[in-house]
Amino acid sequence: MTAAQRREQLVAVGREVFAQRGYAATSIEELAARADVSKPVVYEHFGGKEGLYSVVVDREMERVLDRFTSALAAGGSPRALLERAALALLDYVEEDTDGFRVLSRDSPGSWSSLIGELARRVEHLLGERLGERGYDPLLAALYSQALVGMVAQVGQWWLETRTPGKAEVAARLVDLAFAGLSRLDPDPALRHERS
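Residues numbered from 1 in each chain as written. Predicted model: local features only at pLDDT ≥ 70, side-chain atom pairs only at ≥ 80, totals over all residues. Heavy atoms only, no water.

1. Points about the overall build of the chain
When you go through the chain residue by residue, the secondary structure sums to nine helices and zero strands. In sequence order, the secondary structure elements of the chain are arranged as α-α-α-α-α-α-α-α-α. Within the chain, the proportion of its 195 residues that are buried is 42%. Considering only intrachain contacts with a sequence separation of at least 6, the fraction spanning at least 24 residues in the chain is 66%. Taken together, the 24 basic and 29 acidic charged side chains of the chain have centroids lying 2 Å from each other. (Helix = DSSP H or I, 4+ residues; strand = E, 2+ residues; numbered from the N terminus. Buried < 20%, exposed > 50% of the residue type's maximum accessible area, 1.4 Å probe, protein only. Contact = heavy atoms within 4.5 Å. Lys, Arg positive; Asp, Glu negative; His and termini not counted. Charge placed at Lys NZ, Arg CZ, Asp CG, Glu CD.)

2. Description of helix H9 (residues 166-182)
Between its first and last C-alpha, H9 extends 24 Å over 17 residues, near the 24 Å set by a 1.5 Å rise per residue. For H9, the full list of buried residues reads Lys166, Val169, Ala170, Leu173, Val174, Ala177 and Leu181. Buried positions in H9, seen along its axis, are confined to an arc of 125° and lie on one side of it. Residues of H9 that are exposed and point more than 90 degrees away from the buried face comprise Ala167, Arg172 and Leu176. (Expected span 1.5 Å × (residues − 1). Arc of directions from axis to C-beta.)

3. Digging into unusual backbone geometry
Excluding glycine, residues mostly have negative phi values, and the peptide bonds linking residues are mostly trans. For the bond from Thr163 to Pro164, the omega torsion is 0°, close enough to zero to count as cis. Along the chain, Pro164 falls in the loop between helix H8 (140-161) and H9. The backbone phi angle of Asp36 is positive, close to 60°, even though this residue is not glycine. A positive phi angle is found at Arg162, which is not glycine, with a value near 55°.

4. Remarks on the side chain of Thr26
With respect to the helices, strands and loops of the structure, Thr26 is situated in the loop between helix H1 (3-21) and helix H2 (28-35). Here Thr26 is in contact with Val17, Phe18, Arg21, Leu31 and Lys49, once residues within four sequence places are set aside.

5. Brief notes about the packing of aromatic side chains
Evaluation of the coordinates by the stated rule reveals four aromatic pairs. The interplanar angle of 55° and the centroid separation of 4.6 Å between the aromatic rings of Tyr23 and Tyr53 together place this pair among those described as tilted. With Tyr23 in the loop between H1 and H2 and Tyr53 in helix H4 (residues 49-73), this residue pair connects regions lying 30 residues apart in the sequence. Of the residues examined, Tyr23 reaches a relative accessible area of 22% and is grouped as partly exposed. For the pair Tyr92 and Phe100, a centre-to-centre distance of 6.2 Å together with 75° between the ring planes defines the contact as edge-to-face. Look at Phe100 and you get buried, because its relative accessible area is 0%. Taken together, the ring pairs in this structure connect Phe18, Tyr23 and Tyr53 into an aromatic cluster. (Phe/Tyr/Trp six-rings, centres within 6.5 Å; stacked < 30°, edge-to-face > 60°.)

6. Concerning the packing of H2 against helix H3 (residues 39-46)
When two helices pack together, their arrangement is given by the angle between their axes and by how far apart the axes lie. Remark: H2 packs on H3, axes separated minimally by 8 Å, with the N-to-C direction vectors making an angle of 100°. When the axes of H2 and H3 are compared, the pair comes out roughly perpendicular. Within the contact between the two elements, H2 uses Ile28, Glu29 and Ala32 and H3 uses Lys39, Val42 and Tyr43. Residue composition of the contact of H2 with H3, by class: four nonpolar, no polar and two charged. (Axes fitted to C-alpha atoms, helices over the stretch in contact; angles between N-to-C directions. Parallel < 35°, antiparallel > 145°, perpendicular 65-115°, else oblique. Nonpolar A, V, L, I, M, F, W, Y, C, P; charged D, E, K, R; others polar.)

7. Section: H4
End to end, H4 covers 36 Å across 25 residues, agreeing with the expected 36 Å (1.5 Å per residue, within 8%). With its phi angle positive at about 70°, Gly75 sits one or two positions after the end of H4.

Structure representation (structure tokens):
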């Protein structure tokens, strides 16, 4: 096996083990044993468990960001964009379950930065739509964080339940988000004071 092939093998093994056991419960010994190599081989390629984990997380973040970029690239109506974004995340949960577990379970910093990056990609599209409807486009950052966070949180829940089906989950998410967006109050206020 070449060094590049060995490195890819270790990344694949790391992805699987980190998804199954989590970062803290995974040992360098287990990673080496699963890859059928000695511990020094893992250290040689990644400097240790932390280095391997970092590579796995970076690759997963790129994988899911690529899905979202592709989903949003075609443009379309706000509802179409929301539908494609929701399906992109649910597709990732379904097709790359190990990767999603790695991102959402043990790497809160990575997960929150991923959610932030997705929200930034949605923000400019949402800002344009808000401006067209007479709303302050500067609020797009707030709404994009809320929308992306909602979809991501539901994705975590759906990972464990897998019911209802993916299309229904996406449709209900989009319906909730779109109904809320279509009825935005340009100057909302709390209606009930704290007692």
